Number of protein chains: 2
Amino acid sequence: MSSTLDEHWFTETFADEGSAFSLEITDKLLDVTSPYQHLEVYATRTYGNLMVLDGCVMLTERDNFLYHEMIAHPALFTHRDPRRVVIIGGGDCGTLREVLRHPGVEQVTQIDIDEEVTKAAERCFPALTESNDDPRAELRFADGVKWVEEAPEASIDVLIIDSTDPVGPAEGLFKVDFLARCQRILKDGGVLVQQSESPLYHSGSIIRELRRDMLEAGFDSVATLPFPQPVYPSGWWSVTLAGKGSNVSDFRETDADDLTGLEYYSAAIHRGALSLPPFMQRLLDS
Amino acid sequence: MSSTLDEHWFTETFADEGSAFSLEITDKLLDVTSPYQHLEVYATRTYGNLMVLDGCVMLTERDNFLYHEMIAHPALFTHRDPRRVVIIGGGDCGTLREVLRHPGVEQVTQIDIDEEVTKAAERCFPALTESNDDPRAELRFADGVKWVEEAPEASIDVLIIDSTDPVGPAEGLFKVDFLARCQRILKDGGVLVQQSESPLYHSGSIIRELRRDMLEAGFDSVATLPFPQPVYPSGWWSVTLAGKGSNVSDFRETDADDLTGLEYYSAAIHRGALSLPPFMQRLLDS
């Protein structure tokens with residue numbers, strides 16, 4: 001007995017992986033074709049609003065806390081004293097909100113190429129944009145690759161690559177040249193973090209290559225942290241950290257313990273995520 | 001742009017949760033109606049063979065290691081010296097195989113009501129049944145609820161409830177009366193473990209109620225361990241341990257470190273899984 005899904009469902013098919021994920025939708029709230037991508041927002045029955053870019057699920061109101069907390073807090077607590085933070089991508093502003101929870105952060109610049117994503121977030125995901133008025137936040141709509149190229153050397157503490165998948169507009173963000181430029185603009189002790197796809201699907205491909213590229217680009221240490229993410233392919237996702245003159249397997253545990261009010265991240269979750277399942281470690285080492 | 005899935009996909013719809021998961025199938029290998037349930041096995045393009053009971057995905061060759069390692073090893077390494085193990089359900093024999101990796105175990109009895117599940121596993125999931133000839137293994141096909149009722153008091157070290165969801169044939173396995181009978185047949189220091197559904201979907205319902213029922217049934221400690229499971233609802237799953245005269249938040253870390261050859265479980269994964277995400281802890285405490 002295989003169910004069939006009618007027009008009340010949004011389905012994303014992961015063609016290479018032979019799997020698909022669907023959410024029951026009740027309404028279409030937005031349909032915008034920007035110069036960069038096709039953006040849709042749906043109301044779902046159980047996941048709140050859903051943002052879709054070029055047919056790929058980006059986030060839902062219900063479960064985006066997993067991704068946003070895990071792309072922000074491990075990197076920030078790995079850096080000894082993060083003051084100047086840059087987010088490439090991240091137009092929905094959810095990562096920005098998490099970064100701004102760190103009182104020591106003095107300035108956060110978010111550079112997304114597509115202003116329509118931020119407009120859609122303001123309208124349909126208001127919780128994510130609630131910190132946009134923070135005086136420390138700066139929103140720019142520009143090409144992140146170019147921005148990194150032109151940024152002054154050794155000027156940033158934490159650089160967050162909060163991008164879509166390594167195909168389409170974000171392809172340039174997964175290349176060794178780009179990573180080398182990121183390394184250049186980080187200060188000594190700086191930390192880079194990038195979303196790095198599914199531990200089940202991509203440990204022997206995208207994740208392993210990204211880690212190799214990071215080391216080749218001049219970083220001194222790497223660490224991949226898996227976490228659950230129901231709406232992404234396989235329901236299991238990861239971020240990969242890279243350190244410039246620092247060991248990204250260490251972090252400020254006591255400070256992490258003191259940050260309360262989060263949904264997923266904690267010092268113990270961070271510590272746990274640093275230990276990879278054996279199958280993943282074997283694939284990364286092979 | 002919402003894709004549509006044709007007859008080359010098997011879809012399980014989680015109606016209450018408004019989500020669905022699909023796998024691309026290439027063949028139907030088995031279709032059996034037993035006295036207890038409807039059993040199907042499909043060949044998939046990327047997940048190996050897939051077993052389905054009453055329309056619900058039970059397991060695939062590709063990712064069952066997550067569930068089977070996590071329902072077996074945390075419980076066995078929590079017990080000080082497990083010799084006598086009983087599995088209720090578990091007809092696919094994957095849990096049995098994991099239990100038999102522990103050299104100290106002297107006898108494992110698996111009691112599944114439906115022999116057709118084991119026959120299907122022998123035919124379509126041969127890796128799971130590879131330890132069935134171990135002289136320590138005993139396979140019985142009988143009503144697990146009744147078996148527990150009739151078993152002698154204080155006769156078992158570890159009791160594993162490897163059941164389907166708490167609806168249909170497995171409903172009786174999620175009741176306080178049944179848990180109290182489980183508690184009775186465990187020796188002092190005994191450990192019970194039960195699959196306990198999705199941290200995202202069920203922390204404030206099934207998981208919280210199960211933990212409450214376990215304590216009400218006379219157990220002295222409980223612990224819920226989340227882990228990824230791509231083919232189950234939300235891609236995120238859990239097991240819950242209960243201890244009779246023992247603290248199930250402690251385990252034999254050194255022994256766990258010594259068990260090699262696994263795919264997901266390790267001492268570090270076990271330790272990490274004992275720290276719940278804050279949202280989950282809040283729901284369990286509320």
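Numbers given to residues run from 1 along each chain, matching the order in which its sequence is written. Working convention: letters from A go to chains and numbers from 1 go to ligands, in the order in which they are written. This being a predicted model, a pLDDT of at least 70 is required before a residue's local features are given, and a value of 80 or more before pairs of side-chain atoms are given or counted; all residues contribute to the totals for chains, interfaces and linings. The side-chain numbers reported here are obtained from all heavy atoms of the structure, hydrogens and water having been left aside.

All names here are of chain A. Under the UniProt annotation, "active site" (unreviewed entry) lies at D162. Residue placement: D162 occurs in strand 9 (residues 156-162). Apart from residues lying up to four places away in sequence, D162 is in contact with Y67, I71, I87, I88, G89, G90 and T95. For this analysis, a polar contact is any N or O atom pair within 3.5 Å, provided that within protein one partner can donate a hydrogen and the other can accept it, and provided that sequence-adjacent residues contribute only side-chain to side-chain pairs. Among the polar contacts listed, one links the side chain of D162 to the side chain of Y67, at a separation of 2.6 Å. UniProt positions are given in the numbering used here, feature names are shortened, and annotations may be inferred rather than shown by experiment. Every helix listed is a DSSP run of H or I at least four residues long, and every strand listed is a run of E at least two residues long, numbered separately from the N terminus. Should any heavy atoms of two residues lie within 4.5 Å, those residues are counted as being in contact.

With that settled, consider the relation of the copies chain A and chain B. The least-squares superposition of copies is restricted to C-alpha atoms, and to residues with a pLDDT of at least 70 in both copies. The transformation that overlays chain A on chain B combines an axial shift of 0.0 Å with a rotation of 180°, and the residual RMSD is 0.0 Å. Viewed as a symmetry operation, the transformation between the two copies matches a two-fold axis. Most of the interface of chain A is mirrored in chain B, where 100% of its interface residues again form contacts.

All names here are of chain A. By this definition, two strands are paired if DSSP reports at least two bridges between them. On the basis of which strands lie adjacent, the open sheet formed by seven strands has the order 8-7-6-9-10-12-11 and mixed pairing. Looking along the sheet, the strands with just one partner apiece sit at the ends: strand 8 (137-141) and strand 11 (221-228). This sheet shows a mean twist of 15° between the axes of neighbouring strands, independent of strand direction. Pairing of strand 10 (residues 186-195) with strand 12 (residues 236-243) involves five bridges; the strand directions are antiparallel. Simply put, an axis is a line fit to the C-alpha atoms, just over the touching stretch for a helix, and the angle between two N-to-C directions goes from 0 to 180 degrees.

Our focus in this paragraph is the domain arrangement of chain A. Residue and element names in this part refer to chain A. Note that the domain bounds were set by an automatic or database domain assignment. As assigned here, chain A comprises domain 1 (2-60) and domain 2 (64-285). Taking the mean C-alpha position of each, domain 1 and domain 2 sit 24 Å from one another. Put simply, buried area is the surface a 1.4 Å probe can reach on two separate parts but cannot reach once they are joined, added for both. Taking both sides of the interface into account, the surface hidden between domain 1 and domain 2 amounts to around 2000 Å²; carbon and sulfur atoms contribute 70%. A per-residue breakdown of the area domain 1 buries against domain 2 is headed by E17, Y36 and L59, which together make up 25% of the total. Just to be clear on terms, a salt bridge is a Lys or Arg side-chain nitrogen sitting within 4 Å of an Asp or Glu carboxyl oxygen. Taken together, the connections running from domain 1 to domain 2 amount to zero salt bridges. Where domain 1 meets domain 2, there are six residue pairs in polar contact (both at pLDDT 80 or more). Those elements that provide at least two residues to the side of domain 1 that touches domain 2 are strand 2 (19-33), strand 3 (38-44), strand 4 (49-53) and strand 5 (56-60). Take the side of domain 1 that touches domain 2: its biggest share by element is six residues, from strand 2. Nonpolar residues are Ala, Val, Leu, Ile, Met, Phe, Trp, Tyr, Cys and Pro. Charged residues are Asp, Glu, Lys and Arg, and all others, Gly as well, are polar. Along the lines of polarity and charge, the residues of the side of domain 1 that touches domain 2 split into 16 nonpolar, five polar and one charged.

Right, let's get into the packing of helix 6 (residues 199-216) of chain A against helix 9 (residues 278-285) of chain A. Residue and element names in this part refer to chain A. One way to put it is that helix 6 packs onto helix 9 with a least axis distance of 9 Å and a crossing angle of 35°. At the point where helix 6 passes helix 9, the crossing takes the right-handed sense. Contacts between helix 6 and helix 9 pair P199, L200, S203, G204, I207, R208 and R211 from the former with F279, M280, L283 and L284 from the latter. Looking at side-chain class alone, the contact of helix 6 with helix 9 contains seven nonpolar, two polar and two charged residues. Handedness of a crossing follows from how the near helix is turned relative to the far one, being left-handed for an anticlockwise turn of less than a right angle and right-handed for a clockwise one.

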